[in-house]
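Given next are the chains, with one letter for each unit.
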Amino acid sequence: MGDAVLIFVESLENKETWKVSKLEERVADKGGSMGLGQERGHMDHFGILYSPKLAWTRFAVGWQEYEKNPYDEVENPRGIIQMGLAENQLSFDLLESWLAKNPDAASFRRDGQSIFKELALFQDYHGLPAFKNALVDFMAEIRGNKVKFDPSRIVLTAGATSANETLMFCLAEQGDAFLLPTPYYPGFDRDLKWRTGVEIVPIQCTSSNRFQITAAALEEAYEQAQRKNLRVKGVLVTNPSNPLGTTMTRDELDLLVNFITDKEIHLISDEIYSGTVFSSPAFVSIMEVLKDRNLGKTEVWERVHIVYSLSKDLGLPGFRVGAIYSNDPIVVAAATKMSSFGLVSSQTQYLLSAMLSDKKFTKEYIAKNHKRLQKQRSKLVAGLEKAGIGCLESNAGLFCWVDMRHLLSSDTFEAEMELWKRIVYDVKLNISPGSSCHCSEPGWFRVCFANMSEDTLKLAMQRLKCFVGSIAVKERTHQELKNSRRKFRTKWVFRLSFQSFHDREQDER
Amino acid sequence: MEFTRNNNRQLLSKIATNDRHGENTPYFEGWKAYDSNPFHPTQNPQGVIQMGLAENQLCFDLIEKWLLENPDASICTAEGVDRFRDIAIFQDYHGLKEFRQGIAKLMGRVGGNRVKFDPNRIVMSGGATGANETVMFCLADPGDAFLVPSPYYAAFSRDLRWRTGLEIVPVDCKSSNNFRITRTALEEAYEKAQRSNINVKGVIIANPSNPLGTVLDKETMRSLVSFVNDKSIHLVCDEIYAATVFGSPRFISIAEIIQDMDCNRDLIHIVYSLSKDMGLPGFRVGIIYSFNDDVMNCARKMSSFGLVSSQTQFLLAAMLNDEEFVGNFLRESSKRLAKRHHVFTKGLERVGISTLKSNAGLFFWMDMRPLLKEQTVQAEIELWRVIINKVKLNVSPGSSFQCSEPGWFRVCFANMDDETVQVALERIREFMHQGKEEDGVSEKSKHWRKQNLRLSFSSSRLYNESLMSPHMISPHSPIPQSPLVRART
């Protein structure tokens, strides 16, 4: 792919009268560190685009287009539909009904008595004990109670954003690197690197094996880091994966444990989507693997850390609830002190401690949430199929990893950007191009499904279908499409007829 | 396990294993004593009274009343739940517009309505703790330094230095001129730093001052602005105690000063919070207000690491936009702080203890120099141990604020009820009286040296604390977080 060049989002005027910190210069250099996504306010952290040639203006304009013309069922039915936002909006009614039945939690009251003063004053970085207890129980429940978590090892932080950065501050520094499998959440470029000085070295994963991590890829990444004179401090994985929507297999997890044991490094498992696993295979947490391999109380046990959050599972990103779970007491102690820089509001801790302590509620919520996610995902997949588009088989997350390689004019990232622009401007769907997630293969897109109604999803798929039907694409043979395990793809020309896609033979995906 | 622990320790960062968080200092002894023997009016009347916690507990009744009258300020009540979804997904780092408007209005009001603050310049952070650290990340690089007039808030050493890699160069202020920050002292500190090849990037002050409880006068502020302007370095003003001013002279925000000065506004930055003025440290509301667009934009992106919970933003937006409530709250809070301050300082005066004249903050700066056996930090610590152990008051020794003169103590007065105030005063009276009775004032110090100065921990009488352990330590207290905090459930 060549050396990536970050895109400028903001230019920094060269001021002579005062000096900014090098960090600020890095902000300007590095495209505002994912600022673009958040610049727009209510989107996911997507905003960075690695491409040697793309002018920043084109990229920025895509997001501006959504802002200028956001879809609304009633007010603006021809507007751009937001599918780049990994939010879970499907289960608010469950939360709202719980709130209606539990007025005390909402109003700073416990057993009818006001505890406002205690909450207003509570800033202990050890966190509200009732909340931590409820949180670890919830985490265990999500994992089918196959593992138990100790509340004294949990550190509360202002969202997973803060948790990931804090772990970096604890585990690494300038000159160090963490290995991350691609494709990965673009926000990591900011969260792991920006203020910490730590580098990310990608573990290249490809569609040839459904983007799973291989031993070879791990070793290659490790060597690459060494060639760059970086000291590898650990591996960070997101499980379930963003943007793939898949859970890691036991083999992959075993591979990781072996790797970090051999290299004597850390493993961070960002399990922010652990509660969104809606179909089999069941979620296997890294903690379960360690337990099953009897690695408790070993050196490697203390080098495994989990990041969690309620932003995706409960759909509460605004509440800024993140957590670090570590088996290393020194890490817990250091991270706890660091959490001073981003504690969770006591008002929010109290509300959620009541909610998550209600085991009847959590059981019902987890089950219903899964069902709804699964249903919505199937609708997306079916809609994509009708448009002749396939996606990676997935069982988790709030998105699908969609394969539009056959729609590219060439097997390049430039072609990916061209296609992306057309989808934003012409199809009026805002989806995320794989290059923003550091995917090594052009043509993949992340498409979110959990932040809209069924009707909106239906409309989005209709638009997509029309679009695919109207463009001339390079033709591929049937054989080529089926044979997705080949490493090198030859280019074929393929012209779609203007017939309805129902007539077209569907590929097995 | 020790071997593995050490092995793994080498795999951690320097930041995780160094002491620059400042919490491994001897000062937590005071907290130990308090934690193991906390005062309770009925269940443990002989316990240690907490006077090291700069919290404002005087006006909760006003806020509680407002909450009862405004159920729609909560997104979780029947009245407010129709906003639940929108707020629950709101993670925009620009913050809720109404919240920013409320904060801007409050800041303007607290500054005497002489300045208007722009809501679009308001940037959130994880409390003032997060704000100060973020501002440092924006303004300086590892190895750079900030000048900090002493005595200063002890946790600055963590907030400004720990993860940022910055250094603090103290600017010593003396009691001879009431600890005023002089141009001379600033220049001296700056030059000294230059000679040691330390790159000074700015000055950070707290106005009103913690621990002094005083407000800066116009002349000093103008002098500060002109100093940073001359040197092209930054000025960060932590105005966290702005609304705790309870007498004259009035609080003047740096924003007001620069209105009438010819200076480079890109050098000026304000830190604010609701933790002291409104008594809401648990809600983690920190604010950065910079006059520099690049700093503002950078800080806003960094606020992702410490946004204010949208649930809390929503509640506070409603509260702070209720101008009648805010006006009433500020007036009432000032009144109560003034009264409490008066009761204490007069009480101390009567027994011969003087305090620095102050009109702000949640504490006073107590002068115990006459009671030191010698003017050394060691003697100050000895006296401190006596105060904790014998008088059973947890106060904060001046050395924990880097005060260059031994013998000063910060005593908090706004974190207790009226009865406890009387108990505290009574204990001080008794203690001073005892000293006088024995051999006259000059013998007081000899008397103490004979005492067993070791701390005794009587853990037998711990009262039943509430679920939330309300005596948790404020990060703005000079004493590090007690490692002995116990989970209560």
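Only a predicted model underlies this, so the values are computations on that prediction, with no experimental measurement involved.

Calculation notes
Residues numbered from 1 in each chain as written. Chains lettered and ligands numbered in written order. Predicted model: local features only at pLDDT ≥ 70, side-chain atom pairs only at ≥ 80, totals over all residues. Heavy atoms only, no water. Helix = DSSP H or I, 4+ residues; strand = E, 2+ residues; numbered from the N terminus. Buried < 20%, exposed > 50% of the residue type's maximum accessible area, 1.4 Å probe, protein only. Contact = heavy atoms within 4.5 Å. Areas by Shrake-Rupley, 256 points an atom, 1.4 Å probe, with all protein chains shown as cover. Expected span 1.5 Å × (residues − 1). Polar contact = N/O pair within 3.5 Å; in protein donor to acceptor, adjacent residues only side chain to side chain. UniProt positions renumbered as here; feature names shortened; annotations may be inferred. Salt bridge = Lys/Arg side-chain N within 4 Å of Asp/Glu carboxyl O. Pairing = 2+ DSSP bridges. Axes fitted to C-alpha atoms, helices over the stretch in contact; angles between N-to-C directions. Parallel < 35°, antiparallel > 145°, perpendicular 65-115°, else oblique. Left-handed = near helix turned anticlockwise from the far one by under 90°. Nonpolar A, V, L, I, M, F, W, Y, C, P; charged D, E, K, R; others polar. pLDDT = per-residue confidence, 0-100.

Caption draft 1: A look at the overall build of chain A. Looking only at helices and strands, chain A has 18 helices and 15 strands in total. Within chain A, the proportion of its 509 residues that are buried is 64%. Summarising the internal contacts of chain A: among those between residues at least 6 apart in sequence, 73% fall at separations of at least 24. As displayed, chain A has an accessible area near 18,500 Å², and 50% of this comes from carbon and sulfur atoms.

Caption draft 2: Structural context of helix α15 (residues 377-391) of chain B. Residues and elements named next belong to chain B. For α15, which comprises 15 residues, the first-to-last C-alpha distance of 20 Å matches the rise-based estimate of 21 Å (1.5 Å per residue) to within 8%. With eleven of its 15 residues buried, α15 lies for the most part within the structure. Positioned one or two residues after α15, K392 has a phi angle of 60°, which is positive.

Caption draft 3: Main features of the environment of A105(A). Residues and elements named next belong to chain A. Looking at the element boundaries, A105 is found in helix α5 (residues 103-106). Separated by 249 residues in the primary sequence, A105 and A354 place their C-alpha atoms 6.3 Å from one another. Not counting chain neighbours up to four residues away, the residues in contact with A105 comprise W98, Y350, L351 and A354.

Caption draft 4: Highlighting the side chain of S36(B). Here S36(B) is to be found in helix α3 (residues 28-36). At a separation of 3.3 Å, a polar atom in the side chain of S36(B) contacts the main-chain carbonyl oxygen of A33(B).

Caption draft 5: Just the UniProt feature "domain: Aminotransferase class I/classII large" (unreviewed entry) in chain A, in detail. The feature "domain: Aminotransferase class I/classII large" (unreviewed entry), as annotated in UniProt, sits at residues 81-464 of chain A in this numbering. Along residues 81-464 of chain A the backbone is 42% helical and 16% strand, and the end-to-end C-alpha distance reaches 11 Å.

Caption draft 6: Looking closely at the interface of chain A and chain B. Contact residues are listed per partner, giving 92 residues for chain A and 95 residues for chain B. Between the two partners, chain A and chain B, sit two salt bridges. The salt bridge partner of K14(B) is E173(A), with a shortest N-O separation of 2.7 Å. Across the chain A-chain B interface, the total number found is 23 residue pairs in polar contact (both at pLDDT 80 or more).

Caption draft 7: Fine view of helix α12 (residues 293-302) of chain B. Within α12(B), eight of the ten residues are buried, which leaves it mostly tucked inside the rest of the structure. Inspection of α12(B) places D294(B), V295(B), M296(B), C298(B), A299(B), R300(B), K301(B) and M302(B) among the buried residues, and these make up the whole buried set.

Caption draft 8: Broad picture of the pattern of salt bridges. What the rule picks out here adds up to 49 salt bridges over all chains. A salt bridge links R190(A) to D191(A); its shortest N-O distance comes to 2.7 Å. The class of R190(A) is buried, set by a relative accessible area of 1%. One salt bridge in this structure joins R336(B) and D61(B), with 2.9 Å as the shortest N-O distance. Placement of R336(B) in helix α14 (residues 323-350) and of D61(B) in helix α4 (residues 60-69) is noted, with a sequence separation of 275 residues between them. Note on R336(B): relative accessible area 23%, which makes it partly exposed.

Caption draft 9: Region of the structure containing the UniProt feature "domain: Aminotransferase class I/classII large" (unreviewed entry) in chain B. Look at the UniProt record and you will see "domain: Aminotransferase class I/classII large" (unreviewed entry) annotated at residues 49-428 of chain B. The span residues 49-428 of chain B is 41% helix and 16% strand, and its two end C-alpha atoms sit 12 Å from each other.

Caption draft 10: Quick look at the sheet that holds strand β15 (residues 444-448) of chain A. Residue and element names in this part refer to chain A. If you walk across this open sheet you meet the four strands as β11-β12-β15-β14, and the pairing is antiparallel. Each of the sheet's edge strands pairs with one partner strand only, and the pair in question is β11 (390-391) and β14 (432-433). Packed onto the sheet, helix α15 (residues 359-386) meets β11, β12 (399-403) and β15 and runs at close to 15° relative to β12. The sheet contacts of helix α16 (residues 413-427) involve β14 and β15, and relative to β15 the element is tilted by about 30°.

Caption draft 11: The arrangement of the sheet that holds strand β2 (residues 122-126) of chain B in detail. Residues and elements named next belong to chain B. Pairing in this open sheet of seven strands is mixed, and the strands run β2-β8-β7-β6-β5-β3-β4 from one edge to the other. Two strands in the sheet have a free side with no partner beyond their single neighbour: β2 and β4 (167-172). For this sheet, the mean inter-axis angle between neighbouring strands, taken without regard to orientation, is 25°. In this sheet, strand β8 (residues 285-290) lies alongside strand β7 (residues 268-273) in antiparallel orientation, the contact comprising five bridges. Bridging from a neighbouring strand, H269 pairs with S290 of β8. Contacts from α12 reach β2, β7 and β8, with the element oriented near 40° to β2.

Caption draft 12: Quick look at the UniProt feature "coiled-coil region" (unreviewed entry) in chain A. Under the feature "coiled-coil region" (unreviewed entry), the UniProt entry names residues 208-235 of chain A. Here residues 208-235 of chain A runs as 46% helix and 18% strand, with 22 Å between its end C-alpha atoms.

Caption draft 13: Representation of the packing of helix α7 (residues 129-142) of chain A against helix α14 (residues 346-357) of chain A in the model. Residue and element names in this part refer to chain A. With their axes 8 Å apart at the nearest point, α7 and α14 run at an angle of 45° to one another. Classified by the angle their axes make, α7 and α14 are oblique. Remark: the crossing between α7 and α14 carries left-handed chirality. Along the contact surface, α7 presents A130, F131, A134, L135 and F138, while α14 presents Q349, L352, S353, L356 and S357. Looking at the contact of α7 with α14 residue by residue, the class counts come to seven nonpolar, three polar and no charged.

Caption draft 14: Geometry of the confidence of the model for chain B. Residue and element names in this part refer to chain B. Residues with a pLDDT of 70 or more make up 87% of chain B, whose mean pLDDT is 88. Taken as a whole, residues 441-489 scores under 50 in pLDDT and shows 135 contacts with residues more than four places along the chain or in a different chain. Note on the complex model: pTM 0.87, ipTM 0.88.

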